[in-house]
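A structural walkthrough
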Amino acid sequence: KIDEALIKLNLQKVGTQSLVRNLSGGEKTKLQLARILVQNPDILLLDEPTNHLDLESIEFLENFINKRNGITIIVSHDRKFLKNVANQILELEKGNWKLYFGNYDDYKVEKNLERERLDQQIKKNIKDNDKLRDAISDKRSKVHRNMTLIPDKKKFGRHAKTISRNRAGKQAKSARIYQERFDRRNDESSSIEAAKFRKLG
(Lines give C-alpha, C1' and ligand atoms only; values in the text may rest on other atoms or scores of the structure.)
Protein backbone atom coordinates (compact mmCIF):
# COMPACT_ATOMS: atom_id res chain seq x y z
CA LYS A 1 0.00 0.00 0.00
CA ILE A 2 2.81 2.41 0.90
CA ASP A 3 4.71 1.67 -2.31
CA GLU A 4 1.55 2.05 -4.43
CA ALA A 5 0.65 5.38 -2.77
CA LEU A 6 4.20 6.73 -3.23
CA ILE A 7 4.30 5.65 -6.90
CA LYS A 8 0.82 6.95 -7.76
CA LEU A 9 1.55 10.29 -6.07
CA ASN A 10 4.97 10.54 -7.81
CA LEU A 11 6.91 10.27 -4.57
CA GLN A 12 8.89 7.11 -5.42
CA LYS A 13 12.07 9.18 -5.90
CA VAL A 14 11.73 10.44 -2.33
CA GLY A 15 12.03 6.89 -0.94
CA THR A 16 11.23 5.70 2.55
CA GLN A 17 14.53 6.86 4.09
CA SER A 18 14.25 10.59 3.25
CA LEU A 19 13.78 13.17 5.99
CA VAL A 20 10.46 15.04 5.75
CA ARG A 21 12.13 18.38 6.54
CA ASN A 22 14.15 18.08 3.32
CA LEU A 23 11.03 17.81 1.12
CA SER A 24 9.43 20.69 -0.77
CA GLY A 25 6.01 22.05 0.26
CA GLY A 26 4.27 20.16 -2.55
CA GLU A 27 6.06 16.91 -1.66
CA LYS A 28 5.10 17.30 2.02
CA THR A 29 1.44 17.75 1.01
CA LYS A 30 1.59 14.63 -1.18
CA LEU A 31 3.30 12.67 1.59
CA GLN A 32 0.58 13.62 4.09
CA LEU A 33 -2.03 12.54 1.56
CA ALA A 34 -0.20 9.21 0.93
CA ARG A 35 -0.02 8.58 4.71
CA ILE A 36 -3.77 9.22 5.17
CA LEU A 37 -4.71 7.06 2.16
CA VAL A 38 -2.62 4.15 3.47
CA GLN A 39 -4.30 4.44 6.89
CA ASN A 40 -7.74 4.49 5.16
CA PRO A 41 -9.72 5.89 8.11
CA ASP A 42 -13.51 5.48 8.53
CA ILE A 43 -13.98 9.24 8.06
CA LEU A 44 -11.62 11.12 5.76
CA LEU A 45 -11.63 14.94 5.62
CA LEU A 46 -9.77 16.38 2.62
CA ASP A 47 -9.21 20.13 2.17
CA GLU A 48 -8.33 21.04 -1.43
CA PRO A 49 -6.74 17.60 -2.00
CA THR A 50 -5.97 18.14 -5.71
CA ASN A 51 -3.63 21.09 -5.04
CA HIS A 52 -0.05 20.16 -6.09
CA LEU A 53 -1.27 16.93 -7.76
CA ASP A 54 -0.69 16.02 -11.41
CA LEU A 55 -3.35 14.29 -13.55
CA GLU A 56 -2.18 10.76 -12.74
CA SER A 57 -2.20 11.47 -8.98
CA ILE A 58 -5.69 13.00 -9.17
CA GLU A 59 -6.96 9.90 -11.01
CA PHE A 60 -5.43 7.69 -8.33
CA LEU A 61 -7.11 9.77 -5.60
CA GLU A 62 -10.48 9.65 -7.41
CA ASN A 63 -10.29 5.84 -7.76
CA PHE A 64 -9.31 5.50 -4.11
CA ILE A 65 -12.24 7.64 -2.91
CA ASN A 66 -14.75 5.89 -5.19
CA LYS A 67 -13.66 2.41 -4.02
CA ARG A 68 -13.43 3.05 -0.27
CA ASN A 69 -16.26 2.18 2.12
CA GLY A 70 -15.79 5.01 4.60
CA ILE A 71 -17.15 8.56 4.56
CA THR A 72 -15.11 11.13 2.64
CA ILE A 73 -15.76 14.84 3.23
CA ILE A 74 -14.09 17.09 0.66
CA VAL A 75 -13.65 20.85 0.57
CA SER A 76 -12.63 21.70 -2.99
CA HIS A 77 -12.84 24.25 -5.80
CA ASP A 78 -11.88 21.57 -8.36
CA ARG A 79 -15.22 21.10 -10.15
CA LYS A 80 -14.05 18.22 -12.33
CA PHE A 81 -12.80 16.37 -9.26
CA LEU A 82 -16.14 16.95 -7.48
CA LYS A 83 -18.00 15.74 -10.56
CA ASN A 84 -16.01 12.48 -10.47
CA VAL A 85 -16.17 11.70 -6.74
CA ALA A 86 -19.05 13.51 -4.99
CA ASN A 87 -22.50 11.98 -4.45
CA GLN A 88 -23.75 14.79 -2.21
CA ILE A 89 -22.97 18.53 -2.29
CA LEU A 90 -23.31 20.63 0.84
CA GLU A 91 -23.60 24.33 0.00
CA LEU A 92 -22.71 26.87 2.67
CA GLU A 93 -23.93 30.44 2.25
CA LYS A 94 -24.07 33.27 4.82
CA GLY A 95 -24.18 30.94 7.82
CA ASN A 96 -26.81 28.65 6.25
CA TRP A 97 -26.53 25.29 4.54
CA LYS A 98 -28.40 23.12 2.05
CA LEU A 99 -27.77 19.57 0.89
CA TYR A 100 -28.01 18.56 -2.78
CA PHE A 101 -27.89 14.93 -3.90
CA GLY A 102 -25.71 13.86 -6.83
CA ASN A 103 -22.38 15.09 -8.17
CA TYR A 104 -21.35 18.65 -9.07
CA ASP A 105 -23.20 18.59 -12.43
CA ASP A 106 -26.42 17.51 -10.70
CA TYR A 107 -25.95 20.31 -8.16
CA LYS A 108 -25.52 22.88 -10.97
CA VAL A 109 -28.71 21.76 -12.72
CA GLU A 110 -30.73 21.90 -9.48
CA LYS A 111 -29.21 25.26 -8.51
CA ASN A 112 -30.10 26.78 -11.90
CA LEU A 113 -33.68 25.48 -11.62
CA GLU A 114 -33.93 27.04 -8.16
CA ARG A 115 -32.66 30.37 -9.50
CA GLU A 116 -35.22 30.29 -12.34
CA ARG A 117 -38.04 29.49 -9.89
CA LEU A 118 -36.86 32.27 -7.60
CA ASP A 119 -36.66 34.77 -10.51
CA GLN A 120 -40.22 33.88 -11.56
CA GLN A 121 -41.45 34.25 -7.97
CA ILE A 122 -39.71 37.62 -7.60
CA LYS A 123 -41.20 38.87 -10.91
CA LYS A 124 -44.67 37.76 -9.78
CA ASN A 125 -44.18 39.45 -6.40
CA ILE A 126 -43.08 42.70 -8.07
CA LYS A 127 -46.19 42.62 -10.28
CA ASP A 128 -48.47 41.89 -7.30
CA ASN A 129 -46.73 44.56 -5.23
CA ASP A 130 -47.29 47.15 -7.97
CA LYS A 131 -51.01 46.33 -7.95
CA LEU A 132 -51.14 46.59 -4.16
CA ARG A 133 -49.20 49.86 -4.22
CA ASP A 134 -51.73 51.32 -6.69
CA ALA A 135 -54.62 50.09 -4.55
CA ILE A 136 -53.09 51.65 -1.40
CA SER A 137 -52.58 54.95 -3.22
CA ASP A 138 -56.19 54.86 -4.51
CA LYS A 139 -57.60 54.16 -1.03
CA ARG A 140 -55.52 56.93 0.55
CA SER A 141 -56.64 59.47 -2.04
CA LYS A 142 -60.28 58.48 -1.35
CA VAL A 143 -59.68 58.97 2.40
CA HIS A 144 -58.29 62.44 1.70
CA ARG A 145 -61.19 63.25 -0.63
CA ASN A 146 -63.80 62.12 1.93
CA MET A 147 -62.11 64.06 4.74
CA THR A 148 -61.87 67.30 2.76
CA LEU A 149 -65.21 66.96 0.96
CA ILE A 150 -67.90 69.39 2.04
CA PRO A 151 -70.82 67.13 2.98
CA ASP A 152 -73.97 67.38 0.90
CA LYS A 153 -76.50 68.43 3.56
CA LYS A 154 -79.36 68.41 1.08
CA LYS A 155 -78.69 64.77 0.26
CA PHE A 156 -77.72 63.46 3.70
CA GLY A 157 -79.26 66.02 6.05
CA ARG A 158 -77.76 66.48 9.52
CA HIS A 159 -75.87 63.17 9.23
CA ALA A 160 -73.83 64.37 6.25
CA LYS A 161 -70.59 64.90 8.26
CA THR A 162 -70.88 61.52 9.99
CA ILE A 163 -71.49 59.70 6.70
CA SER A 164 -68.48 61.44 5.14
CA ARG A 165 -66.25 60.52 8.11
CA ASN A 166 -67.51 56.94 8.11
CA ARG A 167 -66.61 56.64 4.43
CA ALA A 168 -63.15 58.04 5.14
CA GLY A 169 -62.73 55.61 8.05
CA LYS A 170 -63.66 52.62 5.88
CA GLN A 171 -61.26 53.73 3.16
CA ALA A 172 -58.49 54.23 5.78
CA LYS A 173 -59.10 50.74 7.20
CA SER A 174 -59.04 49.28 3.68
CA ALA A 175 -55.76 51.13 2.94
CA ARG A 176 -54.26 49.70 6.18
CA ILE A 177 -55.26 46.15 5.18
CA TYR A 178 -53.67 46.61 1.74
CA GLN A 179 -50.53 48.06 3.38
CA GLU A 180 -50.25 45.08 5.76
CA ARG A 181 -50.66 42.71 2.82
CA PHE A 182 -47.99 44.62 0.91
CA ASP A 183 -45.55 44.47 3.87
CA ARG A 184 -46.23 40.77 4.41
CA ARG A 185 -45.62 40.03 0.71
CA ASN A 186 -42.30 41.92 0.87
CA ASP A 187 -41.23 39.91 3.94
CA GLU A 188 -42.22 36.66 2.20
CA SER A 189 -40.34 37.46 -1.01
CA SER A 190 -37.15 38.31 0.91
CA SER A 191 -37.39 35.05 2.86
CA ILE A 192 -38.06 32.76 -0.14
CA GLU A 193 -34.34 32.13 -0.61
CA ALA A 194 -33.66 31.92 3.15
CA ALA A 195 -36.39 29.28 3.53
CA LYS A 196 -34.44 26.89 1.30
CA PHE A 197 -31.51 26.91 3.70
CA ARG A 198 -31.10 25.63 7.25
CA LYS A 199 -29.24 27.63 9.89
CA LEU A 200 -25.84 26.39 10.98
CA GLY A 201 -25.58 25.62 14.69
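For the structure, check the block above.
How each quantity is defined
- Residues numbered from 1 in each chain as written.
- Predicted model: local features only at pLDDT ≥ 70, side-chain atom pairs only at ≥ 80, totals over all residues.
- Heavy atoms only, no water.
- Salt bridge = Lys/Arg side-chain N within 4 Å of Asp/Glu carboxyl O.
- Helix = DSSP H or I, 4+ residues; strand = E, 2+ residues; numbered from the N terminus.
- Buried < 20%, exposed > 50% of the residue type's maximum accessible area, 1.4 Å probe, protein only.
- Patch = residues over 30% accessible without salt bridge, like charges linked within 9 Å, V, L, I, M, F, W, Y side chains within 5 Å.
- Areas by Shrake-Rupley, 256 points an atom, 1.4 Å probe, with all protein chains shown as cover.
- Phe/Tyr/Trp six-rings, centres within 6.5 Å; stacked < 30°, edge-to-face > 60°.
- 1 Å grid on protein atoms, 1.4 Å probe; cavity = no way out; pocket = protein on both sides within 12 Å on 5 of 7 lines; lining within 4 Å.
- Points joined across faces, edges and corners; volume = space filled by probe spheres on them.
- Nonpolar A, V, L, I, M, F, W, Y, C, P; charged D, E, K, R; others polar.

1. As for the pattern of salt bridges
Across all of its chains, the model carries 4 salt bridges by this definition. Notably, a salt bridge pairs Lys-111 with Glu-91, separated by 2.9 Å at the nearest N-O pair. Here Glu-91 lies in strand β3 (residues 88-93) and Lys-111 lies in helix α5 (residues 104-148), a separation of 20 residues in the sequence. Both residues of the pair, Lys-111 and Glu-91, count as buried. We note a salt bridge from Lys-98 to Glu-114, for which the minimum N-O separation is 2.4 Å. With Lys-98 in strand β4 (residues 96-101) and Glu-114 in helix α5, this residue pair connects regions lying 16 residues apart in the sequence. In this structure, Lys-98 and Glu-114 share a single accessibility class: buried.

2. Details of a nonpolar patch on the surface
Taken together, Ile-43, Leu-45, Ile-71, Ile-73 and Val-75 make up a surface patch of nonpolar side chains, about 480 Å² in accessible area. At 3 residues, strand β2 (residues 71-75) tops the list of elements feeding residues into the nonpolar patch. Owing to a relative accessible area of 42%, Ile-73 belongs among the partly exposed residues under this scheme.

3. Some thoughts on the packing of aromatic side chains
Any pair of aromatic rings gets described here by the distance separating the centres and the angle formed by the planes. Under the criterion given, the structure shown has 2 aromatic pairs. Judged by centre distance (5.5 Å) and plane angle (45°), the rings of Tyr-104 and Tyr-107 are tilted. With a gap of 3 residues between them, Tyr-104 and Tyr-107 both fall in helix α5, about one helical turn apart. Each member of the pair, Tyr-104 together with Tyr-107, is buried. Linked through ring pairs, Tyr-100, Tyr-104 and Tyr-107 together constitute an aromatic cluster.

4. Some thoughts on the layout of surface pockets
The computed volume of the largest pocket comes to approximately 920 Å³. Ile-74, Leu-82, Gln-88, Ile-89 and Leu-90 are the residues nearest the centre of the largest pocket, which is lined by 25 residues in total. Contributing elements (two or more residues each) for the lining of the largest pocket: α3 (55-67), β2, α4 (79-85), β3 and α5. Grouping the amino acids of the lining of the largest pocket by side-chain chemistry returns 14 nonpolar, 7 polar and 4 charged.

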